[in-house]
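In case you want the letters, here they are:
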Amino acid sequence: MLSDVPVRTGYLEASAGASSLTGAYARLEGGARFRQSLGLFAFAEANQRERMAGAGMRWTFGR
């Protein structure tokens, strides 16, 4: 669970691959954790047919 992971300032993740449905794709995601259980992130993904982007919030809870 993410709440067990030590709090970090932020992260950046990049990936690329191939899908049988959409062909080659690339994805970039970055975010920051402001508290142990709260973080914000944004992403962008592109493949041969479409492009998308978004932002969100992750809130973890529990033991």
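The structure reproduced in this document is the subject of the present report. (Residues numbered from 1 in each chain as written. Predicted model: local features only at pLDDT ≥ 70, side-chain atom pairs only at ≥ 80, totals over all residues. Heavy atoms only, no water.)

## Quick word on the overall build of the chain
Tallying secondary structure elements over the chain gives zero helices and four strands in all. Along the chain, from the amino end to the carboxyl end, the secondary structure elements read β-β-β-β. For the chain, buried positions account for 16% of its 63 residues. At a minimum sequence separation of 6, the contacts of the chain that also span at least 24 residues come to 26%. Total accessible area computed for the chain in this model is approximately 4900 Å², and 59% of it derives from carbon and sulfur atoms. (Helix = DSSP H or I, 4+ residues; strand = E, 2+ residues; numbered from the N terminus. Buried < 20%, exposed > 50% of the residue type's maximum accessible area, 1.4 Å probe, protein only. Contact = heavy atoms within 4.5 Å. Areas by Shrake-Rupley, 256 points an atom, 1.4 Å probe, with all protein chains shown as cover.)

## Examining the packing of aromatic side chains
Evaluated as defined, the whole model comprises one aromatic pair. Consider the rings of Trp59 and Phe61, whose centres lie 5.1 Å apart with planes at 35°: the pair is tilted. When sorted by exposure, Trp59 lands in the same class as Phe61, which is exposed. Above the ring of Phe41, the side-chain terminus of Arg58 is found at 4.1 Å from the ring centroid. (Phe/Tyr/Trp six-rings, centres within 6.5 Å; stacked < 30°, edge-to-face > 60°. Lys NZ or Arg CZ within 6 Å of the ring centre and 35° of its normal.)

## Some details on the sheet that holds strand S1 (residues 10-19)
Taken in spatial order, the four strands of this open sheet run S1-S2-S3-S4, and their pairing is antiparallel. Two strands bound the open sheet, and with one partner strand each, they are S1 and strand S4 (51-59). Strand-to-strand twist of the sheet, defined as the mean angle between neighbouring strand axes without regard to direction, takes the value 15°. Examined bridge by bridge, strand S3 (residues 38-47) and S4 share nine bridges and lie antiparallel to one another. Bridge pairing in S4 places Ala44 opposite Ala53. (Pairing = 2+ DSSP bridges. Axes fitted to C-alpha atoms, helices over the stretch in contact; angles between N-to-C directions.)

## As for the pattern of salt bridges
As a working rule, side chains carrying opposite charge can pair if their charged atoms are close by. As enumerated under the stated definition, the model contains three salt bridges in all. With a closest N to O distance of 3.2 Å, Glu29 and Arg58 form a salt bridge. Here Glu29 is found in strand S2 (residues 23-35), whereas its partner Arg58 is found in strand S4, with 29 residues between them in sequence. Taking the relative accessible area as the measure of exposure, Glu29 reaches 8% and is therefore buried. (Salt bridge = Lys/Arg side-chain N within 4 Å of Asp/Glu carboxyl O.)

These figures come from the coordinates and say nothing about function on their own.
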